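Analysis of the macromolecular model
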Amino acid sequence: KARTVLLATEKAFAADAVSKIEAVTSAAGYKLVRLENYKSKDDLLKAVADADAMIIRSDKVDQAVLDKAAKLKIVVRAGAGYDNIDLKATEGKGVVSMNTPGQNANAVAELVFGMMITSARNNYDGTSGFELVNRSIAFYGFGAVARAVHKLAQGFGMKSFAYDPYIPAAKIAEMGATPVATVAGLFEHQYVSLHVPLTDETKASINKALLMKMPKGGTLINTARCEVVHEADMVEVFKARQDFCYLCDVAPDDKAAKEAMTAAVGDKFGKRLIFTAKKMGAQTLEANDNCGVAAANQIVAFFEKGETRFALKA
Ligand code: 3PG
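Since the model is a prediction, treat every value here as computed from it, not as a measurement.

**Structural notes on the nonpolar core**
Generally speaking, soluble globular proteins have nonpolar side chains that are buried together. Judged by nonpolar contacts, the single largest core of 34 residues is most densely connected at Phe187, Ile206, Leu220 and Tyr246. Of all the elements, helix H10 (residues 231-240) adds the most residues to this core, at four residues. Setting aside anything within four residues of it in sequence, one finds Ile206 in contact with Tyr140, Phe187, Leu194, Leu211, Leu220, Val228, Val229 and His230. Of all hydrophobic cores here, the second largest spans 28 residues; its members include Ile167, Ile221, Cys245 and Ile274.

So this is what it looks like as structure tokens:
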């Protein structure tokens, strides 16, 4: 019987990307089942019963999903961050998990600049703003997305700084950014852009002490995960500093936290505080294609050749 690949995306890919994913699976003789824009976890629990493989985005794969997934061998997160997969649970069931690192990096980088310019030009309200040239941007984490932002920053004539506990300072310098020795050291720069995964170490780690250190016009950019920011501290910083800005495409899920932040700004939405309607750094045709096709190819290579290059560990 042909293998079944379930495409389970609560936030759907562009239609063109889905056609390309289907071209890869059907060339391998596999059947692609689409569960897009689904509204309840029950839909996912039902659909997963027949799946040999799964392609997901931020969709949660936890013990409840795995309990229903009798045939599942592999789940590929079409994207970078995999905090939505319970890796202990997948490992416990012998299911291989993968991500597709780097495939949506450029899309996120372009969004970072979109938000920076919107804020620097006062949400296009006609008043005098400022230019990005010669300003400093510091990266917390220097993986694929940060490097893509850095490349654009170089084009804008900005100065880049970076801290990444897993990358030697010499390598950061080689890539044209100035290495910074500590997380706190990043917050001496006007822009700090977060590119760390959500882990026990990073959760709520961006707190008041760090944010209050930022120079005038200090701006935090978060295209990583909302949970990395200490939300209650952020509200206090907005109240304490009229110059502080927060630009993010990962607004708190919690409505009350969102409202508290918006109220604390007391300023026109779009200059000091930018939230997008949904997490949308990876919402481009190109990123959907890149991530989706990479995921489909990784599934085929896994079944046909035992390829596990992008396998994740708990
Ligand atoms: C990622 O980790 O790849 C990005 O945050 C994109 O996530 P999404 O697929 O939910 O848009």
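**Here we look at the pairing of strand S7 (residues 159-163)**
Among the five residues of S7, four are classified as buried, and the element is accordingly described as predominantly covered. Bridge count for strand S6 (residues 136-140) against S7 is five bridges, and the pairing is parallel. Note on S7: the bridge partner recorded for Ile137 is Ser160. Once you follow S6 into helix H6 (residues 144-155) and on to S7, the crossover reads as right-handed. Pairing geometry for S7 and strand S8 (residues 178-179), over two bridges, is parallel. The partner of Ala162 across the bridge, within S8, is Pro179. Following the backbone out of S7, through helix H7 (residues 169-174) and into the adjacent parallel S8, one traces a crossover that is right-handed.

**Overview of the pattern of salt bridges**
Opposite charge on two side chains lets them pair, provided their charged atoms get close. One pass over the full model with this rule turns up eight salt bridges. Across the pair Arg34 and Glu36 runs a salt bridge, and its minimum N-O distance is 2.8 Å. By relative accessible area, Arg34 is classed as partly exposed at 47%. For Glu36, a relative accessible area of 21% corresponds to the partly exposed category.

**Observations regarding helix H11 (residues 255-265)**
Taken residue by residue, H11 has Ala257, Met261, Ala264 and Val265 as its buried positions. Take H11 and look down its axis: the buried residues cluster within an arc of 105°, on one side only. Opposite the buried face of H11, by more than 90 degrees, sit the exposed residues Lys255, Ala256 and Ala263. Close packing links the buried residues of H11 with H10, strand S11 (245-248) and strand S12 (273-275).

**Brief notes about the domain arrangement of the protein**
The assigned domain composition of the protein is domain 1 (4-103 + 283-305) and domain 2 (105-275). Relative placement of domain 1 and domain 2: their C-alpha centres are 30 Å apart. Of the residues lining the interface, seven residues belong to domain 1; the matching set on domain 2 comes to five residues. Roughly 440 Å² is buried in total at the junction of domain 1 and domain 2, and carbon and sulfur atoms are behind 52% of that figure. Counting every contact that joins domain 1 to domain 2 gives one salt bridge. The shortest N-O distance in the salt bridge between Asp83 and Arg225 comes to 3.0 Å.

**Some details on the side chain of Ser97**
Looking at where Ser97 falls in the secondary structure, it is placed in strand S5 (residues 96-99). Of note is the side chain of Ser97, whose polar atom sits 3.2 Å from the side chain of Thr90. Those residues within four positions of Ser97 in sequence are excluded, and the remaining contacts are Val75, Ile85, Leu87, Thr90, Phe310, Ala311 and Leu312.

**Structural notes on the environment of Leu132**
Residue placement: Leu132 occurs in the loop between helix H5 (105-120) and S6. When sequence neighbours within four positions are dropped, the list of residues in contact with Leu132 reads Phe113, Met116, Ile117, Ala120, Phe156, Met158 and Tyr191.

**Some thoughts on the environment of Val192**
Relative to the helices and strands, Val192 resides in strand S9 (residues 191-194). C-alpha of Val192 to C-alpha of Leu211: the two residues are 19 residues apart in sequence and 9.6 Å apart in space. Residue contacts for Val192: discarding those within four places in its chain leaves Ala138, Leu186, Phe187, Met214, Thr219, Leu220 and Ile221.

**Remarks on the site of the ligand**
Every residue lining the ligand is accounted for by Lys11, Arg57, Ser58, Arg77, Gly79, Ala80, Gly81, Asn104, Arg225, Lys279 and Ala282. For the ligand, an oxygen atom lies 2.3 Å from a polar atom in the side chain of Ser58. Between an oxygen atom of the ligand and a main-chain N or O atom of Gly81, the distance comes to 2.7 Å. When the ligand sits alone it has 310 Å² of accessible area, and the protein chains cover 93% of it. Among the residues forming the shell around the ligand, the class breakdown is two nonpolar, four polar and five charged.

What counts, and at which threshold
- Residues numbered from 1 in each chain as written.
- Predicted model: local features only at pLDDT ≥ 70, side-chain atom pairs only at ≥ 80, totals over all residues.
- Heavy atoms only, no water.
- Core = buried A, V, L, I, M, F, W, Y, C linked by side-chain atoms within 4.5 Å.
- Buried < 20%, exposed > 50% of the residue type's maximum accessible area, 1.4 Å probe, protein only.
- Helix = DSSP H or I, 4+ residues; strand = E, 2+ residues; numbered from the N terminus.
- Contact = heavy atoms within 4.5 Å.
- Pairing = 2+ DSSP bridges.
- Right-handed = clockwise from strand over helix to strand, strands pointing away.
- Salt bridge = Lys/Arg side-chain N within 4 Å of Asp/Glu carboxyl O.
- Arc of directions from axis to C-beta.
- Domains from an automatic or database assignment.
- Buried area = accessible area lost by both parts, 1.4 Å probe.
- Polar contact = N/O pair within 3.5 Å; in protein donor to acceptor, adjacent residues only side chain to side chain.
- Near = heavy atom within 4 Å.
- Areas by Shrake-Rupley, 256 points an atom, 1.4 Å probe, with all protein chains shown as cover.
- Nonpolar A, V, L, I, M, F, W, Y, C, P; charged D, E, K, R; others polar.

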